[in-house]
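Working through the structure, step by step
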Amino acid sequence: MKAPDYITAPVVVVGGGIAGLSTALGLEGCLLVADEPVGGGSSCLAQGGIAAALGADDAPGLHASDTVRVAAGLADAGIAGLVASAAAGRIAWLRDLGVPFDATPDGQPLLGREAGHVRDRIVHAGGDRTGAAVMRALCAAVLKRSDIHRLEGHALADIIGCGQRAGGVLLEARDGSRLAVLAPHVVLATGGVGACFDRTTNPPTSRGTGLAAAARRGVALADLEFVQFHPTALDVEGDPLPLLTEALRGAGAVLVDGAGQRFMSDVHPDAELAPRDVVARAIARRRLAGEPTWLDASRVPDLEPRFPGAAAIARAAGFEPTRDPLPVTAAAHFHMGGIVTDADGATSLPGLWACGEVASTGLHGGNRLASNSLLEGLVFGVRVAQAVRTARRPALVGAPDVPRRDSAAQACDPQRLLALRQLVGRSLGPVRDGDAMTAALAELARHVPASRAEEDLVTVARLLLGAALERRESLGSHFRLDYPEPSSACAARRILRPAAATMLPLAAPQSRVA
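Described in the following lines is the structure provided in the data block. (Residues numbered from 1 in each chain as written. Predicted model: local features only at pLDDT ≥ 70, side-chain atom pairs only at ≥ 80, totals over all residues. Heavy atoms only, no water.)

On to the pairing of strand β3 (residues 30–34), then. Among the five residues that make up β3, five are buried, leaving the element largely enclosed by the rest of the structure. Strand direction decides the pairing type here: strand β2 (residues 12–14) and β3, joined by three bridges, are parallel. By the bridge assignment for β3, Val14 is matched with Val33. Here five bridges tie β3 to strand β7 (residues 148–152), and the two strands are oriented parallel to one another. Bridging across to β7, Leu32 finds its partner in Arg150. (Buried < 20%, exposed > 50% of the residue type's maximum accessible area, 1.4 Å probe, protein only. Helix = DSSP H or I, 4+ residues; strand = E, 2+ residues; numbered from the N terminus. Pairing = 2+ DSSP bridges.)

The structure is reproduced here in structure tokens:
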């Protein structure tokens, strides 16, 4: 194995989305790593807003209660209360950074409602372009900080260990060159697993690299079976699929069948504003039966000024949203599971921290409440930064090591990768079946990865399938045809500690890169 170049850093943050940037801004110096330009990823694509109890009729306790209720009883009530209580402060912080939140004529926050919320509490910026507005402000703040060093175009390959703790990260550039970053504190903010599915709203960077790297080191994971599917991805050719924000339904858009008739009122009392898993499952069942589903957004008043992003997406696909029903499908959107952390983002491996979608804090349980994802990254980003700043900064003792990898190839064949993603989509969609998942695991056992990307995807898929097969019930976003009801015999939150891979000494670095 060719020896990598190396650099050192007091803290390395891997991930250029809202969680990574929030963490970096809270630290006193770090190296910020991203496999694309900082500020991209799922955060930038987010059309929904940020949930915060800002209204006169609202309170953090109500927000926390909605979070726990929608989570199918699996959310940690203490974590939900912590996040809801911190929401207003994080909105104020973003406003101070220059995020132009939408406001009423008298200057008050313009609050919207999305599925699962009992109050109007969703703040937006630029209508349905909140993620982009927030990321612009965070990127600008990062660029002003001379103590935040950026390294773009490098993907996480593995977590480096030193003794019994994390000691840095091994990175790979697009040309296949490798770089070891030695650091006593590693923060993973690498996002979710949506790009492991063939139908997803997530960008290609959301491919579970952080989850796979943590699994290879035997780090504790939890709730891996719970994947949230967005009900209203635009059903057109595309990878990722364009997303039509849930706020459209909050503003009056309805789901209809081929005859133009609403059907969600027969599924759930809240109709189109039922929890996402309910809506996604209803759409997925119709698709499996060969029945298309459409979103009628023509009923939304002031569609263009309120939802400029959705209107532009629809027109780019050849639809006029003020007149035409829009074909929609359920698509992988958010992973509730991930690396187990405490309230400060610490994982089971000393020196390794995680925040954002890659982490499992207990906030989301079996089903994420709408617009809690950007909020999670904001709240835990600053909490991780504060914890790292007060933590001891130990010297790295022992020879650095990395997990043994079966594939040496960095470049991947897109068609081979697509075939794996289709397998994941068929077996781990909104409606699951034990036989199909067992068959998928058997197929993965026979698969010989030809690239690092395939190896990571196979690792993630096996973890998710194993967790989904173990949960012999239907709960939250996890629904099984062979176990269609909840079961009191199943554990609430399931924590898994995967077997660590064989570790190999990190080849002696060739040089120190300034």
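Let us now look at the side chain of His230. Relative to the elements of secondary structure, His230 occurs in strand β13 (residues 227–234). Overall, the relative accessible area of 1% leaves His230 in the buried class. Side-chain polar atoms of His230 contact the backbone nitrogen of Thr232, separated by 3.1 Å. (Polar contact = N/O pair within 3.5 Å; in protein donor to acceptor, adjacent residues only side chain to side chain.)

Bringing the side chain of Glu320 into the picture now. Structurally, Glu320 can be placed in the loop between α10 (308–316) and β16 (326–335). Judged by relative accessible area, which is 18%, Glu320 ranks as buried. Engagement of the side chain of Glu320 in a polar contact is seen with the side chain of Arg315, the distance being 3.0 Å. Within the structure, the side chain of Glu320 is placed 2.6 Å from the side chain of Thr322, a separation counted as a polar contact.

Grouped together as the largest cluster of nonpolar side chains are 58 residues, with contacts concentrated most on Val12, Val181, Leu188, Phe197, Ile339 and Leu464. At eleven residues, the largest contribution of residues to this core is made by helix α14 (residues 452–470). Excluding residues within four positions of it along the chain, Leu464 makes contact with Val193, Phe197, Leu211, Leu224, Val227, His335 and Leu428. Grouped together as the second largest cluster of nonpolar side chains are 49 residues, Ala34, Ile91, Ala137 and Leu138 included. (Core = buried A, V, L, I, M, F, W, Y, C linked by side-chain atoms within 4.5 Å. Contact = heavy atoms within 4.5 Å.)

Size it by volume and the second largest pocket reaches roughly 670 Å³. Lining the second largest pocket are 30 residues, with Pro204, Arg207, Cys412, Leu417 and Ala453 positioned closest to its centre. Listing elements by their share of the lining of the second largest pocket, those giving two or more residues are β8 (154–162), β9 (165–173), α12 (414–427) and α14. Counted by class, the lining of the second largest pocket contains 15 nonpolar, six polar and nine charged residues. (1 Å grid on protein atoms, 1.4 Å probe; cavity = no way out; pocket = protein on both sides within 12 Å on 5 of 7 lines; lining within 4 Å. Points joined across faces, edges and corners; volume = space filled by probe spheres on them. Nonpolar A, V, L, I, M, F, W, Y, C, P; charged D, E, K, R; others polar.)

Turning next to helix α13 (residues 434–446). If you check α13, its first and last C-alpha atoms are 19 Å apart, about what 13 residues at 1.5 Å a residue would give, namely 18 Å. Buried within α13 are the following residues: Gly434, Met437, Ala440 and Leu444. Projected down its long axis, α13 carries its buried residues within an arc of 125°, all on one side. Of the exposed residues in α13, those oriented more than 90 degrees away from the buried face are Asp435 and Arg446. Turning to α13, the residues buried within the fold contact α12 and α14. The residue sitting at the N-terminus of α13 and contributing the capping side-chain oxygen is Asp433; that oxygen lies 3.1 Å from the backbone nitrogen of Asp435. (Expected span 1.5 Å × (residues − 1). Arc of directions from axis to C-beta.)

Okay, the sheet that holds β16 next. If you trace the four strands from one edge of the open sheet to the other, you get β13-β16-β15-β14, paired in antiparallel fashion. Looking along the sheet, the strands with just one partner apiece sit at the ends: β13 and β14 (254–256). Mean inter-strand twist for the sheet, computed between neighbouring axes without regard to direction, equals 50°. Of the pairings in the sheet, the one linking β14 to strand β15 (residues 294–296) comprises three bridges and is antiparallel in character. (Axes fitted to C-alpha atoms, helices over the stretch in contact; angles between N-to-C directions.)

Inspection of the entire model under this criterion finds 34 salt bridges. Taking the shortest distance from any N to any O, the salt bridge between Asp120 and Arg113 comes out at 2.9 Å. By relative accessible area, Asp120 is classed as partly exposed at 34%. The closest approach of N and O atoms between Arg405 and Asp158, which form a salt bridge, is 3.1 Å. (Salt bridge = Lys/Arg side-chain N within 4 Å of Asp/Glu carboxyl O.)

Further remarks concern empty space enclosed by the protein. Applying the stated criterion across every chain, the model contains two cavities of 30 Å³ or more. Empty space within the largest cavity amounts to approximately 50 Å³. Lining the largest cavity we find Val227, Gln228, Phe229, Arg276, Asp277, Ala280, Arg281, Asn367, Pro430 and Ser477. Among the elements of the structure, β13 and α8 (276–288) are those that each provide at least two residues to the lining of the largest cavity. Looking at the lining of the largest cavity residue by residue, the class counts come to four nonpolar, three polar and three charged. The calculated volume of the second largest cavity comes to roughly 30 Å³.

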